[in-house]
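Remarks on the overall topology
Residues per chain are reported as follows:
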Amino acid sequence: MAGADEKFMQVSMGPQHPSTHGVLRLLVKTDGEVLSSIKPYIGYLHRGLEKIAERVTYPQFTPFTDRLDYLASMNCNLAYAMTVERLLGIEVPRRAQIIRVIMAELNRISSHLIAFGSLSADMGAFTPFLFGIREREFINDLFEMACGARLTYNYIRIGGVSQDIPGGFIEKAREFLDYFPPKIKEYNDLISYNSIFIKRLADIAVIRPEDAFDYGITGPNLRASGIPWDLRRDEPYLVYGELDFEVPVGRGEMGSTGDAWDRYMMRIYEMEQSAKIVRQCLAMLEPGDHTAKVPKVLKPPAGEVYVRAENPRGELGFYLISDGSTKPYRLRIRAPSFATLSIVPKLGKGVMIADLVAIIGSLDIILPEIDR
Amino acid sequence: MEAKKIYEILSGRFGSAIQQFQENTLPPSIVVGHQAIVEVCDFLKKAEELEFLSLICLSAVDMQEKGKMAVVYHLGSMRQRHTIVLKVELDRGSPHVRTVGTVWPVAAWYEREAYDLLGVVFDGHPDLRRILMPEDWEGYPLRKDYVYPKRYHTWDV
């Protein structure tokens, strides 16, 4: 539709649009094919999770965290469980910690597979998406073995995990780890170094380090800008401190550091590292308890904590205030995608509409955790 | 740097605007007078050895029993590897505080959310609109005394 200003045309991209990765509406003003402004509208998936948290008990909120970032439910469960445990002073048994890392890293791989696949699909290559789904299926099978669910797991609970991993899990996980790394080479041959793909992404929407800090960018998007910051290494939780893994950072291999291609490639590199972590953890598993002794009724002492963890999409933080009752007084959820999306109006100024699709895809945002 | 040390630096520089040091929160918190919040944030971001380049999280909290509305700033520095929490306490009847969007642009969205859900007004904010709730929604859902509406337009809620 024509705007009041004749020179520009206003187009509403979304809330139902294949490239917005969920119900996101971008009101864009265009001059021909060039964008002059972008206004994101969010909230279509707002369920009032922070309000719900004030009305349910601490353990009852765990399933709601599944619905934050549904592509990485394990990681969301984990961050919430760690927050409540910090307030209660619960020490999680070593076996449970290792199982948690295994699940978190497997979920990171499956989440990055979707990121890799959907960005490729956005760029017009549909096959990689199917490859991603194929490998993700393997991980879903593993999760189904462990907890019965394939999407919203509710597996990592306050104190540990809901049940010990079943017999045959370790063998199946090892089978996956033998199967998966060669696939990454396949992805790279197929799409990562494809010259059309590189042309669509290199030098597009460069995020400089100072902008990354200013806009609260975290996770792979931050590391793509050349900042070697990863909570798993820099503020280690669980058993991450004992593990050997690298933190890949963007180097501007195909263009400038922090461009869309670097952000894409971070996911590929991180999948390799996650596979490495899972392999080490499987070797570290020793018999033990899968959960700490947690009282039936949880009444954390009055106080407040802020705990954050490295999710596939950045730092997920929970700011929890307890008044000593069985329900949280206030639970604030700091979702990584929310901060990430706030940089889009800045990045999208003066680019082509087709590049906007590349920007959204390379940032790998997910809407349920933005809207909460 | 230790939180206590940061508190001392701030006290030395801003005097009575730095009101209290709370060690029982995690990470420790510093209560700041709301008139000085922008200057304090700007100083924390730019001072050498502090370098709080990241506003990790901005939250508003309804402290109904005290008659206050708190705005909580979680700050972090990746280079210095430290974190700190700033708090301002506002009058619950008309919570006004200056925007820190000039210091960290990401605050613009966080502040819109705090306005949307708890009704905190950020003075100087260029675009203070609701962000998660519909534009014509009435009331602030995360307030403790919020009454759920029976109807919204033609729908029963």
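An account of the accompanying structure is given in this report. This one's a predicted model, so the numbers in the text were calculated from it and none came from an experiment. (Residues numbered from 1 in each chain as written. Chains lettered and ligands numbered in written order. Predicted model: local features only at pLDDT ≥ 70, side-chain atom pairs only at ≥ 80, totals over all residues. Heavy atoms only, no water.)

**What to know about the sheet that holds strand E8 (residues 328-334) of chain A**
Residues and elements named next belong to chain A.
- Taken together, the three strands give an open sheet; going across it, the order is E6-E7-E8, and neighbouring strands pair in antiparallel fashion. Both edges of this open sheet fall to strand E6 (303-311) and E8, since each of them pairs with a single strand only. Direction aside, neighbouring strands of the sheet carry axes that sit 15 degrees apart on average.
- Strand direction decides the pairing type here: E6 and strand E7 (residues 314-322), joined by nine bridges, are antiparallel. By the bridge assignment for E7, Glu-310 is matched with Glu-315.
- Sheet strands in contact with helix H3 (residues 73-88) are E6, E7 and E8, and its direction is about 150 degrees off that of E6. (Pairing = 2+ DSSP bridges. Helix = DSSP H or I, 4+ residues; strand = E, 2+ residues; numbered from the N terminus. Axes fitted to C-alpha atoms, helices over the stretch in contact; angles between N-to-C directions. Contact = heavy atoms within 4.5 Å.)

**A few points about helix H3 (residues 107-118) of chain B**
All names here are of chain B.
- In this model, H3 (12 residues) spans 16 Å end to end at C-alpha, consistent with the 16 Å of a helix rising 1.5 Å per residue.
- Residues of H3 that are buried: Ala-107, Trp-109, Tyr-110, Glu-111, Arg-112, Glu-113, Ala-114, Asp-116, Leu-117 and Leu-118.
- Positive phi appears at Gly-119, one or two residues downstream of H3, with a value of about 75 degrees. (Expected span 1.5 Å × (residues − 1). Buried < 20%, exposed > 50% of the residue type's maximum accessible area, 1.4 Å probe, protein only.)

**Some thoughts on the nonpolar core**
- One finds Tyr-155 and Tyr-264 of chain A together with Ile-30, Ile-37, Leu-58, Tyr-73 and Leu-86 of chain B to be the most contacted residues of the largest nonpolar core, which totals 173 residues.
- A per-element tally of this core places helix H11 (residues 260-284) of chain A first, with 14 residues.
- The residues touching Leu-86 of chain B, leaving out its near neighbours within four places in the chain, are Ile-30, Val-32, Ile-37, Val-40, Cys-41, Leu-44, Val-71, Val-72, Tyr-73 and Leu-75 of chain B.
- In terms of nonpolar packing, the next biggest core, distinct from the first, is built from 11 residues, Tyr-306 and Tyr-329 of chain A together with Val-61 and Val-85 of chain B among them. (Core = buried A, V, L, I, M, F, W, Y, C linked by side-chain atoms within 4.5 Å.)

**Here we look at the packing of helix H4 (residues 94-122) of chain A against helix H6 (residues 169-192) of chain A**
All names here are of chain A.
- In the contact formed by H4 and H6, the axes pass within 13 Å of each other and the chain directions differ by 25 degrees. In terms of axis orientation, H4 runs roughly parallel to H6. Crossing of H4 over H6 shows left-handed handedness. Facing Ile-102, Met-103, Leu-106, Ile-109, Leu-113, Phe-116 and Ser-120 of H4, the residues of H6 in contact are Phe-169, Phe-176, Phe-180, Tyr-187 and Ile-191. (Parallel < 35°, antiparallel > 145°, perpendicular 65-115°, else oblique. Left-handed = near helix turned anticlockwise from the far one by under 90°.)

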